[in-house]
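# Structure assessment
Below are the chains, spelled out letter by letter.
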Amino acid sequence: MNLLSFFQRRRGSAPIARDRLQVLLAHERAVLGQRDLVAILREEILAVIGRHVRVDSDKVRVKMDRGASISTLEVDIEIPTAEGGLKLAIAG
Amino acid sequence: MAKVLVVTSGKGGVGKTTTTAALGAALAQGGQSVVVIDFDVGLRNLDLVLGAERRVVYDLINVVQGEAKLSQALIRDKRVETLSLLAASQTRDKDALSEEGVGRIIAELREKFDWVICDSPAGIERGSALAMRFADVAVVVTNPEVSSVRDSDRIIGLLDSKTERAEKGERMEKHLLITRFDPAREMRGEMLKTEDVLEILSIPLLGIIPESEEVLRASNVGSPVTLNAPLSAPARAYLDAAKRLRGEVVAMTVPTERRAGLLSKLFRRAA
Ligand SMILES: Nc1ncnc2c1ncn2[C@@H]1O[C@H](COP(=O)(O)OP(=O)(O)OP(=O)(O)O)[C@@H](O)[C@H]1O
Ligand SMILES: [Mg+2]
C-alpha cells in the first residue's frame, strides 16, 4: 500500500467521488448546452431590477431562442405601478 | 392557487414513490387538498405504497382516453380524506398517454386541489417527460452517490428546458431532496457529503431523509410513513420538507431514530 492510497482509505472514498463528479458534470453540461444560463440570467436580472423596484419573480420571463447563426434572448418583466402596471420588454 | 409538483430523479429506485406518498400525505395531514398521480405506466406502485391497490378501477389512461370521468378514477384515501390518488395503468402502454390528454387532466385537477403531485417513472423518456411537462415545482430526489447525482444533474437540465414553464420563459422552482441518507457513512467518508451534493447540483435543499427501516415497514402495510409512524425519523424529515414546500422556514436537521434514547441518557447523567 503506498502512502496516497493509505490516506485515501483514511479519508474515505467520498472525496474522490466528488472530484470525479465535478469533472464529469462540467463536461456533460458543456456538451448538452449550458443548462442554467437562462435560469442564471433570470435570477440576476431579477436581482438588479429588484434593487430599484419591487418585482414578483413570476412576472419575469426570460426566453432564449437558439438559431443557427444568431440566438435571441427575450426578457419580459412586469413591474407594478400605482396606475396598475407597466410592462417592460427587452428583446435582442 | 394550485401547484403542480413533480417528484423526479432520472435514476430508478432512489425513493420517488416513497417521497410522493409521504409528501402527499404530509401536505394532506396539514389540511391541504392533494392528489397524487402515478405516471409509471406498466409498473405502477403508488397504489401499493398507499394501500389502495384493491380499490383501483379506473386509471390515468382511462381518463386520458375518455373511458372514465376523472371523478370515477380518483380514489380517496381512507385515513386522510383530503388525499386522493390517480393510479397508473398496469396493463396499457405508456404511448397511450398523450401530451394533450395529460395537460387537460392536470388543468382539471388544478381546479379541484391545492397540490397535484406527479410521481415520475425513472429514466428520461416519455413517461418522465410527461410527468414533468406541466409542473410548476420539482422535487429532485437524489441519493448521496455518484450515479444518482449525475442523473439528477441531467434531470435538472431537462426541467430547465423541456417543461412548459421553461418553454414559456418562466421560472421552474426546483428543490433537492436527499434520501436514504446514512449519517454514519457520511461521517466515515463513504458517502458524498450533503454540502458537496448541494454545491454540485446547486439547487436549494428541501430536506434530508435518513435511511430507515420504518420506510420499508410503512410500504409493507400500505401506509405513507408520515401516517404509519409519524414520530419516526423519516416521517419527521418528510413532515418538515412538506412545511418548507408551503413556504415555512424550518431549521434543517437530520432527524435520528435514537434521539429519545440520547436525551434520556443525558437526563439520567444530569440527575
Ligand atoms: N429513506 C429510506 N430508507 C429506507 N428505504 C428506503 C428509503 N426510501 C426508499 N426506500 C426503499 O427503496 C426502494 C425504492 O423506493 P421507491 O420505490 O420509492 O423508489 P422509486 O424512485 O420510486 O423507484 P422507481 O424508479 O422504480 O420508480 C423501496 O424498497 C423503498 O422502500
Ligand atoms: Mg417509483
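Worth saying up front: this structure is predicted, and the values here are computed from it rather than measured.

### Re the overall build of chain B
Looking only at helices and strands, chain B features 14 helices and eight strands. Compactness check: chain B gives a C-alpha radius of gyration of 18 Å against a globular reference of 18 Å for 271 residues, within 12% of the reference. Here the C-alpha coordinates of chain B stretch approximately 65 × 40 × 35 Å along the principal axes. Within chain B, buried positions represent 56% of all 271 residues. Approximately 12,100 Å² of chain B is accessible, and the part contributed by carbon and sulfur atoms is 50%. Within chain B, one finds 38 positive and 38 negative side-chain charges whose respective centroids are separated by 4 Å.

### Let's talk about the UniProt feature "binding site: ATP" (unreviewed entry) in chain B
Residues and elements named next belong to chain B. Look at the UniProt record and you will see "binding site: ATP" (unreviewed entry) annotated at Lys11, Gly12, Gly13, Val14, Gly15, Lys16, Thr17 and Thr18. Mapped onto the elements of the fold, Thr17 is located in helix 1 (residues 16–29). Not counting chain neighbours up to four residues away, the residues in contact with Thr17 comprise Asn45, Leu46, Val49 and Asp119. Inspection of the secondary structure puts Thr18 in helix 1. Here Thr18 falls in the partly exposed class, since its relative accessible area comes to 27%.

### Some words on the pattern of salt bridges
Side-chain pairs of opposite charge can arise whenever the charged atoms involved come near each other. Scanning the model with the defined rule gives 22 salt bridges over all chains in all. The shortest N-O distance in the salt bridge between Asp136 of chain B and Arg110 of chain B comes to 3.1 Å. Of this pair, Asp136 of chain B sits in the loop between helix 6 (126–133) and strand 6 (137–142) while Arg110 of chain B sits in helix 5 (residues 99–112); the two residues are 26 residues apart in sequence, bridging distant segments of the chain. In this structure Asp136 of chain B comes out as buried when scored by relative accessible area, which is 10%. Judged by relative accessible area, which is 27%, Arg110 of chain B ranks as partly exposed. Via salt bridges that share partners, Arg61 of chain A together with Arg110, Asp136, Arg165 and Glu170 of chain B belong to a single interconnected network.

### Some thoughts on the interface of chain B and chain A
Contact with chain B, which involves 24 residues of that partner, is made by 25 residues of chain A. Carbon and sulfur atoms make up 50% of the surface buried where chain B meets chain A, a total of about 2,000 Å² over both sides. When residues of chain B are sorted by the area they lose upon contact with chain A, Arg150, Arg171 and Ile200 of chain B head the list and together hold 28% of the total. Viewed at the interface, chain A and chain B are joined by four salt bridges.

### Remarks on the side chain of Asn143 of chain B
Residue and element names in this part refer to chain B. Tracing the chain through its elements places Asn143 in the loop between strand 6 and helix 7 (146–159). There is a polar contact of 3.1 Å between the side chain of Asn143 and the backbone oxygen of Val14. Once residues within four sequence positions are removed from consideration, Asn143 is found in contact with Gly13, Val14, Ser148, Val149, Thr179 and Arg180.

### Observations regarding the site of ligand 1
All names here are of chain B. Taken together, 16 residues are adjacent to ligand 1, and Lys16, Thr17, Thr18, Arg180 and Ser212 come closest. Within the side chain of Lys16, an N or O atom sits 2.8 Å from an oxygen atom of ligand 1. Ser212 places a main-chain nitrogen or oxygen 2.9 Å from a nitrogen atom of ligand 1. Burial of ligand 1 by the protein amounts to 78% of the accessible area it has alone, namely 630 Å². Mapped onto the shell around ligand 1, the elements with two or more residues apiece are helix 1, strand 8 (205–210) and helix 11 (213–221). Among the elements that line the shell around ligand 1, the one with the most residues is helix 1, at three residues. Across the shell around ligand 1, the residue classes tally to six nonpolar, six polar and four charged.

### Quick word on the side chain of Asp136 of chain B
A distance of 3.1 Å separates polar atoms of two side chains, one belonging to Asp136 of chain B and the other to Arg110 of chain B. For Asp136 of chain B, the residues in contact, after removing those within four places along its chain, are Ala2, Lys3, Val4, Arg110, Arg165, Arg171, Met172 and Glu173 of chain B.

### Some points on helix 7 of chain B
Over its 14 residues, helix 7 of chain B extends 20 Å from the first C-alpha to the last, a length consistent with the 20 Å expected when each residue adds 1.5 Å. Listed as buried for helix 7 of chain B are Ser148, Val149, Ser152, Asp153, Ile155, Ile156, Gly157, Leu158 and Leu159 of chain B.

### Section: the environment of Leu43 of chain B
You can see Leu43 of chain B is positioned in the loop between strand 2 (34–38) and helix 2 (46–49). On the basis of relative accessibility, which here comes to 57%, the residue Leu43 of chain B falls in the exposed class.

### A short note on the UniProt feature "domain: CobQ/CobB/MinD/ParA nucleotide binding" (unreviewed entry) in chain B
Taken from the UniProt record, the annotation "domain: CobQ/CobB/MinD/ParA nucleotide binding" (unreviewed entry) applies to residues 5–225 of chain B. With 41% helix and 19% strand, the stretch residues 5–225 of chain B has end C-alpha atoms that lie 20 Å from each other.

### Comments concerning the nonpolar core
Residue and element names in this part refer to chain B. Formed by 49 residues in total, the largest nonpolar core has its most connected members in Phe39, Leu86, Leu97, Leu109 and Cys118. Tallying contributions element by element places helix 7 first for this core, with five residues. Filtering out sequence-adjacent residues up to four positions away, Leu97 remains in contact with Phe39, Val41, Leu60, Ile61, Val64, Val102, Arg126 and Leu130. In this structure, Ala26, Val56, Trp115 and Leu206 belong to the second largest nonpolar core, which totals 38 residues.

### Here's the deal with the sheet that holds strand 6 of chain B
Residues and elements named next belong to chain B. An order of 3-4-2-5-1-6-7-8 is seen for the eight strands of this open sheet, with the pairing classed as mixed. At either end of the open sheet lies a strand with only one pairing partner, and these are strand 3 (75–76) and strand 8. Sheet topology places strand 6 next to strand 7 (residues 173–181); six bridges connect them, and they run parallel. Residue pairing across strands places Thr142 opposite Ile178, the latter belonging to strand 7. In the packing of helix 13 (residues 233–245) onto the sheet, the strands contacted are strand 1 (3–8), strand 5 (115–119), strand 6, strand 7 and strand 8, and the crossing angle to strand 8 comes to about 170 degrees.

What counts and what doesn't
- Residues numbered from 1 in each chain as written.
- Chains lettered and ligands numbered in written order.
- Predicted model: local features only at pLDDT ≥ 70, side-chain atom pairs only at ≥ 80, totals over all residues.
- Heavy atoms only, no water.
- Helix = DSSP H or I, 4+ residues; strand = E, 2+ residues; numbered from the N terminus.
- Rg over C-alpha atoms; globule rule 2.2 N^0.38 Å.
- Buried < 20%, exposed > 50% of the residue type's maximum accessible area, 1.4 Å probe, protein only.
- Areas by Shrake-Rupley, 256 points an atom, 1.4 Å probe, with all protein chains shown as cover.
- Lys, Arg positive; Asp, Glu negative; His and termini not counted.
- Charge placed at Lys NZ, Arg CZ, Asp CG, Glu CD.
- UniProt positions renumbered as here; feature names shortened; annotations may be inferred.
- Contact = heavy atoms within 4.5 Å.
- Salt bridge = Lys/Arg side-chain N within 4 Å of Asp/Glu carboxyl O.
- Buried area = accessible area lost by both parts, 1.4 Å probe.
- Polar contact = N/O pair within 3.5 Å; in protein donor to acceptor, adjacent residues only side chain to side chain.
- Near = heavy atom within 4 Å.
- Nonpolar A, V, L, I, M, F, W, Y, C, P; charged D, E, K, R; others polar.
- Expected span 1.5 Å × (residues − 1).
- Core = buried A, V, L, I, M, F, W, Y, C linked by side-chain atoms within 4.5 Å.
- Pairing = 2+ DSSP bridges.
- Axes fitted to C-alpha atoms, helices over the stretch in contact; angles between N-to-C directions.

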